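Next come the chains, spelled out residue by residue.
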Amino acid sequence: MNDISPNETQKKILEATERLIYAGGICATGMDLIVKTSGVARKSIYRYFLNKDELVAEVLRRRDERWMQWFTDETNRANTPTERLLSMFSVLEKWFVSADFRGCAFINAAGEIGDADDPIRAVAKEHKIKLLNFLRQLAEECRVEDPAELASELLVLVDGAITVALVTGNKESARSAQNVARKLLGL
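Residues numbered from 1 in each chain as written. Predicted model: local features only at pLDDT ≥ 70, side-chain atom pairs only at ≥ 80, totals over all residues. Heavy atoms only, no water.

Enquirer: Honestly, the UniProt feature "domain: HTH tetR-type" (unreviewed entry) in the protein chain in this entry has me stumped. Any pointers?
Expert: Sequence positions flagged by UniProt for "domain: HTH tetR-type" (unreviewed entry) are, in local numbering, residues 7-67. Taken end to end, residues 7-67 comprises 79% helix and 0% strand; its first and last C-alpha atoms sit 21 Å apart. (UniProt positions renumbered as here; feature names shortened; annotations may be inferred. Helix = DSSP H or I, 4+ residues; strand = E, 2+ residues; numbered from the N terminus.)

Enquirer: Looking at this structure, how should I read the nonpolar core?
Expert: Side chains of a nonpolar character, in soluble globular proteins, are inclined to be buried together. By size, the foremost hydrophobic cluster in this structure holds 55 residues, and its most contacted members are L85, M88, F89, L92, F96, L135 and L154. Here the element with the most residues in this core is helix α8 (residues 147-168); it accounts for nine residues. Composition of this core by domain shows at least three residues from each of domain 1 (1-49) and domain 2 (54-185). For M88, the contacting residues outside a window of four places in its chain are F71, T75, L135, L138, L154 and V158. (Core = buried A, V, L, I, M, F, W, Y, C linked by side-chain atoms within 4.5 Å. Buried < 20%, exposed > 50% of the residue type's maximum accessible area, 1.4 Å probe, protein only. Domains from an automatic or database assignment. Contact = heavy atoms within 4.5 Å.)

Enquirer: Help me understand the packing of aromatic side chains in this model?
Expert: Here the distance between the centres and the angle between the planes together describe a pair of aromatic rings. Within the structure shown, the criterion is met by nine aromatic pairs. Ring geometry for F96 and F101: centres 5.0 Å apart, planes at 50°, overall tilted. For F96, a relative accessible area of 0% translates into the label buried. Residue class for F101 comes out buried when judged on its relative accessible area of 6%. Among the aromatic residues, those joined into a cluster by ring pairs are W67, W70, F71, W95, F96, F101 and F134. The ring of Y22 has R63 lying over it, and the distance from NZ or CZ to the ring centre is 4.0 Å. (Phe/Tyr/Trp six-rings, centres within 6.5 Å; stacked < 30°, edge-to-face > 60°. Lys NZ or Arg CZ within 6 Å of the ring centre and 35° of its normal.)

Enquirer: What's the story with the environment of K128 in this structure? I'm lost.
Expert: Topologically, K128 is positioned in helix α7 (residues 119-141). Assessed through its relative accessible area of 16%, K128 is described here as buried. For the pair K128 and D159, spaced 31 residues apart in the sequence, the C-alpha separation amounts to 9.4 Å. In contact with K128, not counting residues within four places along its chain, are C104, F106, I107, L155 and D159.

Enquirer: Just to check I follow, could you spell out the packing of helix α4 (residues 52-75) against helix α5 (residues 81-96) for this structure?
Expert: Where α4 contacts α5, the axes come no closer than 8 Å and their chain directions differ by 125°. Judged by the angle between their axes, α4 and α5 are oblique. Classified by chirality, the crossing of α5 by α4 is right-handed. Facing α4, whose interface residues are W67, W70, F71, E74 and T75, α5 presents R84, S87, M88, V91, L92 and W95. (Axes fitted to C-alpha atoms, helices over the stretch in contact; angles between N-to-C directions. Parallel < 35°, antiparallel > 145°, perpendicular 65-115°, else oblique. Left-handed = near helix turned anticlockwise from the far one by under 90°.)

As structure tokens, then:
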């Protein structure tokens, strides 16, 4: 389904499901709540999605597309390669202070799903691979000695900052991560 644009009914289902799982989690979001929140009959939901896992996976795929577009666009506003790499932490900090920040939807989802082969976990992994590839691109533009290693380290910093901001409420964790990134770059 992810290769076609959703119709209005599908959009209602996807938007309601995303709001619910991002706010309360996958396990806490039952089909009854999705039906009630979306205003779409259960039978109609199952016409578009075989089960809740398929629905959640599609929600995460769409969130991945939007989040990555937002993150790359905002990060790429900076002028130089080094500024772009460091600016991603400022971008994260703006997200952390937003009213609807609930952490990384993909880390949250992976934490709820025990089976590494589950389609939901697969979408979460795909998201992290895309993020890692973007970080590698930034590292390559900075002409560092080992872009792959720096990208892996940056991914830990990004996900660590997101997790610390969510768990402790420290919205400045992105600044701490940025300081570590400066050290990794030798600045």
